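Per-entry structural report
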Amino acid sequence: MKELSRRGLLGLGGALGAAALLSACGEASGSASSDSLSTPAKLRVWFMKDSVSDKAQAWLKQEFENKFQGSTLTIEQQEWDGIVPKLQTALASPESTPDIIELGNTQAPTFCAVGALADLSGMKEELGGANLTKSLVELGSFENKMYAAPFYAGSRIVFYRKDMFQKLGLAIPKTIDELTAVATKIQTGNPEKNAHFSGMFLPGISSQSAFAWVFSNGGRLAVQKDGKWEGGLSSPESQKAIAQLQQLWTTGSTTGTITDSTIGSQPYTAFNTGEAGMFFGFNFHLKKIKKELLDAGKVGYFNFPSPKGDAVGNPFAGGSNVAISNNSKARGLAKEALKLIFSKPFQEFFATEGGWVPGNLNYAAALGQDELSKVTIEAVRNSVGTPAAKNWALVESAKVVDDFFVAMGALKDPVGLAKTADAKMTEILNSK
Amino acid sequence: MTVTSTRAKPEGTLPDRTEPAAPRKRRRNPLPYILLLPAVLIVLVDMGYPLLRQITMAFQHFSLEQQFGKPAEFVGLDNFTRVLGDSAFWLTLGRSLAFCLVCAALTMAIGIGGALLLTKLSRPVSVFVQAAMLLAWAMPVLSSLQVFQWIFDSRSGVVDWTLAGLGMQGMAGYNWFSNPLTFFAVAAILVIWMSVPLVVFMVYASVTQIDESMLEASTLDGANGWKQFREITVPTIAPVLLLVTILEIIWDLRVFTQIFILQKNGGITEQTNVLGTYVYQVGLSGGDYGVASATALIMLLITLLLTWRYVTQFLKQGEV
C-alpha cells in the first residue's frame, strides 16, 4: 500500500503536465441541438471586454427575457488575451459551449472554416443583408456561407495635444514622414519638461497600431498567390513602413520598448499624465481622456496620414463578428436573440454608447455629425483587415506578428526578422 | 481496522495465528483489494483516461477540424518526426532543461541551508521565519506573479529604482521582460522563492529527527560541522532529500503559469518558451493537438529519464 501510493505520487507528478493539457479538450460532437422556440433555455452569451456597453447589455437581456418567458439570457464578459484557446475548447462540447459568441474579426475565418459555428446564411437578409459591413461579412464567411455576422467595426485615429502643437508651431501632419517629424519636434521640445516624455505613444507590443504604417504603404501581412499564402513582411512596401516606424521609435517616441500588453491597450494613460504629445487610439478613448485636458480644449484628433499626403491612411480594421455555436443546445432561441442584436435599438447603442460603427451600416448615422464621428467613419472606410485566411487565428496565437513588432520596437534587425516571421506565417497559413 | 476484524473470523482457532502460512491467507482475502478499488478507479479515470487519450492523439492528425467533429486519422509517427525535426522544439528543450536544473539546484541548496539555519535559531525567531515561509508558500501563484511584476516594473518598479539610485544609470526604466536572459532570471527568482519553503520544512522536519547523541559523539570524536553534515545529516535524511529533489525537478520542468503570465508582459514569446508553454502554444493556441500530444509524451519521457536514477534509488530505500 505504502509503495503503491509512492509510485502513484510519482506518476502523478509526471503525468500531470500531460494530463492537465488534455483535460480541457473534451469529446467533439456536433449533433443533438434543438432549433425549437418553445422549450425554454438558458442562453449564455460571450461578449468581449469594451465591446457592448452596460446599457446595451441590459436592454438585450430584458428584451429577450420579456419576449421568451421562462428563458434567460446571461452575458459573460471575456478578455481578449487568450480568447482563441478558450473558444477552441469551450465551443467543442455542447456542455461547455456558450450559445452566442463574439469573435474578433481576425479570428472569425478560422472558426468559420472548422465547423464550429452555425450557418447563418438563411437569416442574412433579416440581419441587414446588403447593409452589413462588407469586409466583416467576408471575414465571417466560408465557402459562400455566412457563419459570423458583422458585429461592429472601429479604426484608430491620432489624438494630439493642441496646446503643445501650438506652442511649438506645428501643423497637423499630412504625410507619414511629417508625422515622424512632428513627433520628433514635440519630443525634443518636451513643453512640460516631463521626465518620461514621448512625442508619440506607440508601444511595440501594440502591433495592430503598427499595421497602419504597413497598410498605408501598400504592404500586407500575408498575400495569397495561386492558392498559397505567403508572409508579406519582407515586401518592399512593408519594409519601407518598418523603416518609418523605427525612425519614429528612434527620434519621436520612447515607447517602442513597452512590452506589457495591458499598458499597450490603454494608450490614453500616458496622454493623461502629460507624458505623450500624441497617441493612436479609438474614438471612444476620448471618454478616457482627463476632463481637465478636454475642458481646456487641449485635445484634438486627425486621421492617420498617407505616405504621399494625398489621402487618408489605411489603419487596421478593428472589429468583431457575432456567431452562434454549432454545439448550442438552443440554436433556435439563439437566432432570436441574434435578431434582437441586429435590431435598430441595439445597433444604435454601438454608436451612441460605445463609439463603434455598427455592423449594419444603416444605423451608423447614430454616431452623429460631429468632427470625431466624421474622422472615425473616414478611418473605418479606409481601413484594411488581416488576411482572410483560415489559419490566421493560429498565426495570431503563435504571436508571430506580435513578436515581430516587439522586436521592431526594440530596433532589432528588420530584414532578418521579417524573413523568419514570413516563413513562419507561410508555414502556418498553408498547413491543413 | 475492518481488515483485522474480518480476518479474525475465518481463522477462528488459535494455533493458526503463529503458523507461517498466515501471509498466504491474507493475500487470498479480497477485502483489501475491494477497499483499494475506489482509489484505483479514481486514478484510472482521472489520469488513465487522459493519458490514453493523449497517447492516441499523439499518433493522429488532430487539429481544429477534428476538435469540431471531423474523424481523426492515424498518421503513425508523423507527429513525432515533426516535433523532433523542429528546431524550435530543441531550443525550447534546452532552455527548459537549463531552467529546471538551475532552479532545482538553487532551490535545494537554499532550502537545505535554510533548514540547517532554522535548527540554530532561537525558538521565537525560528517560529517567525517559519510563519513567513508558510505565507510565501501558501500565496496563490497569480498574486505573487502580480507582486513580482510590480517589483520589476520598468517604470515604477523598486528594483530599477534602487539599481539606478546605486549609480547604475542604464538600469533606470530597464525592461526586465524584454530580454530572454533577464526574463528567466526574474522567473527563476519567483519559482525558487515559491518552492524553497517546502524544501525548508521537509528538510527541517527530518533534520530534527536525527539522534542528538550521534552528533554529540561525533563532536567528541573531533568532527567539524561540515563533516557532521556530510557524514551524518545527509545519509540520515537522504530519503527526504531524494523525494524533494525528484519533486523539484518534475515541478520545475513542467513550469507553466509563471512563464505564461510573464510572457504577456514580455512580448517575446518564442525566445522565452519552455516545454509547458510550447506545448500549450502548439496545441491549444495553435490548434494542433496531435503534435502537442506527441510533444507532451516526449516531455513525459524526459521527465522519467531525468528522475529515473532518483526514483529507483528512492524505491529501494523506501523498502527498508
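Throughout, a residue's number is its position along its own chain's written sequence, starting from 1. All chains are assigned letters beginning with A, and all ligands numbers beginning with 1, in the order in which they are written. Only residues with pLDDT of at least 70 get local features here, since the model is predicted, and only at 80 or more are side-chain atom pairs given and counted; chain-wide, interface and lining totals rely on the full set of residues. Remark: hydrogens and water are excluded; side-chain values derive from all non-hydrogen atoms of the structure.

Things to note about the overall build of chain B
Our working definition: Note on conventions: DSSP H or I runs of at least 4 residues are helices, E runs of at least 2 residues are strands, and numbering of each starts at the N terminus. Only the C-alpha atoms count toward the radius of gyration. The rule for a globule is 2.2 Å times the residue count to the power 0.38. Here the term buried applies to any residue with accessible area under 20% of the maximum for its type, exposed to any over 50%, and partly exposed to those in between, with areas from a 1.4 Å probe on protein chains only. Contact between two residues is taken to exist if any of their heavy atoms lie within 4.5 Å; hydrogens are not considered. Per-residue and other accessible areas were derived by the Shrake-Rupley procedure at a 1.4 Å probe size, with only the shown protein chains allowed to occlude residues. Counted as positive: Lys and Arg. Counted as negative: Asp and Glu. His and the chain ends are not counted at all. Where a charge sits is defined by one atom per residue type, namely NZ (Lys), CZ (Arg), CG (Asp) or CD (Glu).
Within chain B, the regular secondary structure consists of 16 helices and two strands. Its C-alpha radius of gyration of 26 Å places chain B more than 25% over the 20 Å reference for a compact globule of 320 residues. Each of the three principal axes of chain B carries a C-alpha extent, and together these read 85 × 70 × 30 Å. Taken over 320 residues, chain B has a buried fraction of 44%. In chain B, of all internal contacts separated by at least 6 residues, the share reaching a separation of at least 24 is 69%. Per element, the accessible surface of chain B, about 17500 Å² overall, is 69% carbon and sulfur. Within chain B, one finds 21 positive and 20 negative side-chain charges whose respective centroids are separated by 8 Å.

So, the overall build of chain A
Within chain A one finds 19 helices and 14 strands. What you see for chain A is a C-alpha radius of gyration of 23 Å, in line with the 22 Å of a compact globule of 432 residues. Out of the 432 residues belonging to chain A, those deemed buried represent 57%. Taking as baseline every contact in chain A between residues at least 6 positions apart, the subset at least 24 positions apart corresponds to 77%. For chain A, the accessible surface area stands at approximately 17600 Å², while carbon and sulfur atoms represent 52% of it. Taking the average place of the 43 positive charges on the side chains of chain A and the average place of its 42 negative ones, the gap between the two points comes to 2 Å.

Some points on the pairing of strand β7 (residues 157-161) of chain A
Residue and element names in this part refer to chain A. The following threshold applies: Criterion used throughout: strands pair if DSSP finds at least two bridges between them.
Of all five residues in β7, five are buried, a share of seventy percent or more. Burial along β7 is two-sided: Ile157, Phe159 and Arg161 and Val158 and Tyr160, pointing in opposite directions, are all buried. In this structure, β7 lies alongside strand β11 (residues 276-281), joined through four bridges in antiparallel fashion. Looking at β11, one finds that Val158 is bridged to Phe280. As defined by bridge partners, β7 adjoins strand β12 (residues 299-302) across four bridges and the pair is classed as antiparallel. When the sheet's bridge partners are listed, Val158 is paired in β12 with Phe302.

Section: the sheet that holds strand β13 (residues 318-324) of chain A
Residues and elements named next belong to chain A. What counts here: In this analysis, axes come from line fits to C-alpha atoms, helices being fitted only over the stretch in contact, and the angle between any two N-to-C directions falls in the range 0 to 180 degrees.
Strand order in this open sheet of six strands is β2-β1-β3-β13-β6-β14, and the pairing throughout is mixed. The open sheet terminates on both sides in strands that have one partner only, identified here as β2 (72-78) and β14 (357-358). For strand β6 (residues 148-154) and β13, the ladder comprises six bridges, and the chain directions are antiparallel. What sits directly across from Ala149, in β13, is Val322. Here helix α14 (residues 331-341) sits on the sheet in contact with β1 (42-48), β2, β3 (100-104), β6 and β13, set at roughly 145° to β13.

Digging into the packing of helix α9 (residues 207-216) of chain A against helix α18 (residues 400-409) of chain A
Residues and elements named next belong to chain A. Just so we agree on the cut-off: Put simply, angles under 35 degrees are roughly parallel, angles over 145 are roughly antiparallel, angles from 65 to 115 are roughly perpendicular, and the rest are oblique. Three residue categories are used. Nonpolar comprises Ala, Val, Leu, Ile, Met, Phe, Trp, Tyr, Cys and Pro, charged comprises Asp, Glu, Lys and Arg, and polar comprises the others, including Gly.
Their axes nearest at 10 Å, the elements α9 and α18 cross at an angle of 75°. Here α9 lies roughly perpendicular to α18, going by the angle between them. Contact with α9, carried on its side by Ser207, Ala210, Phe211 and Val214, involves Val401, Asp402 and Phe405 of α18 and no other residues of that element. Considered class by class, the residues forming the contact of α9 with α18 number five nonpolar, one polar and one charged.

Quick look at the nonpolar core
To keep it simple, the criterion reads: Buried residues of nine kinds, namely Ala, Val, Leu, Ile, Met, Phe, Trp, Tyr and Cys, make up a nonpolar core once their side-chain atoms join them within 4.5 Å.
Residues Leu117, Met200, Trp213, Met278 and Trp392 of chain A together with Phe99 of chain B are the most contacted members of the largest nonpolar core, which totals 116 residues. Setting aside anything within four residues of it in sequence, one finds Leu117 of chain A in contact with Leu91, Ile101, Leu103, Phe111, Cys112, Tyr147, Ala148, Ala323, Ile324 and Asn326 of chain A. Counting 39 residues, the second largest nonpolar core, distinct from the first, contains Ala41, Phe64, Leu132 and Phe284 of chain A.

Let's talk about a nonpolar patch on the surface
Applied cut-off: Residues enter patches when their relative accessible area tops 30% and they take part in no salt bridge; the joining distance is 9 Å for like charges and 5 Å for the nonpolar side chains Val, Leu, Ile, Met, Phe, Trp and Tyr. The term salt bridge refers to a pairing of a side-chain nitrogen on Lys or Arg with a carboxyl oxygen on Asp or Glu at a separation within 4 Å.
Residues Leu37, Val40, Leu41, Leu44 and Val45 of chain B make up a contiguous nonpolar surface patch of roughly 440 Å² in combined accessible area. In this fold, Leu44 of chain B is placed in helix α3 (residues 31-58).

Some words on unusual backbone geometry
Residues and elements named next belong to chain A. Even without being glycine, Glu143 reaches a positive phi, approximately 50°. Among the structural elements, Glu143 can be located in the loop between β4 (141-142) and β5 (145-146). Judged by relative accessible area, which is 65%, Glu143 ranks as exposed. Of note, Asp226 is a non-glycine position whose phi angle comes to about 50°, a positive value. Residue position: Asp226 is located in the loop between β9 (222-225) and β10 (228-231). When its relative accessible area of 81% is taken as the criterion, Asp226 is described as exposed.

Examining α18 of chain A
Where burial is concerned, most of α18 of chain A is hidden: nine out of the ten residues are buried. Along α18 of chain A, the positions that sit buried rather than exposed are Val400, Val401, Asp403, Phe404, Phe405, Val406, Ala407, Met408 and Gly409 of chain A. In this structure, the buried side of α18 of chain A is in contact with α9, α10 (236-252), α17 (392-397) and α19 (414-430) of chain A together with α13 (257-266) and α14 (269-272) of chain B. In the segment just after α18 of chain A, Leu411 of chain A is the residue with positive phi, at about 60°.

Here we look at the packing of aromatic side chains
Two numbers describe a pair of aromatic rings. These are the distance of the centres and the angle of the planes. Residues and elements named next belong to chain A. Operational definition: Here a pair means two rings of Phe, Tyr or Trp (six-membered ring of Trp) with centres within 6.5 Å. Their orientation is stacked below 30 degrees between planes, edge-to-face above 60, and tilted elsewhere.
Applying the stated criterion across every chain yields a total of 38 aromatic pairs over all chains. Ring centres 4.6 Å apart and planes at 55° place the aromatic pair Phe284 and Trp356 in the tilted group. Of this pair, Phe284 sits in the loop between β11 and α13 (291-295) while Trp356 sits in the loop between α15 (344-354) and β14, and the two are 72 residues apart along the sequence. The pair formed by Phe284 and Trp356 is uniform in burial state, with each residue classed as buried. Between Phe404 and Phe405, the aromatic rings sit 5.2 Å apart at their centres with planes inclined by 80°, giving edge-to-face as the arrangement. For the pair Phe404 and Phe405, one class covers both residues: buried.

A closer look at the domain arrangement of chain A
As a measure of interface size, the accessible area lost when the parts come together is often cited. Residues and elements named next belong to chain A. For clarity, the threshold we go by: As used throughout, domain bounds are those supplied by an automatic or database domain assignment. For this analysis, a polar contact is any N or O atom pair within 3.5 Å, provided that within protein one partner can donate a hydrogen and the other can accept it, and provided that sequence-adjacent residues contribute only side-chain to side-chain pairs.
According to the domain assignment, chain A contains domain 1 (37-155 + 317-381) and domain 2 (157-316 + 398-430). Contact residues are listed per partner, giving 18 residues for domain 1 and 15 residues for domain 2. There are zero salt bridges connecting domain 1 and domain 2. In this structure, the connection of domain 1 to domain 2 is made through six residue pairs in polar contact (both at pLDDT 80 or more). Going through the elements one at a time, α15 and α16 (371-381) are the ones with two or more residues in the side of domain 1 that touches domain 2. If you tally residues by element for the side of domain 1 that touches domain 2, the top one is α16, at six residues. In terms of residue class, the side of domain 1 that touches domain 2 is built from six nonpolar, eight polar and four charged.

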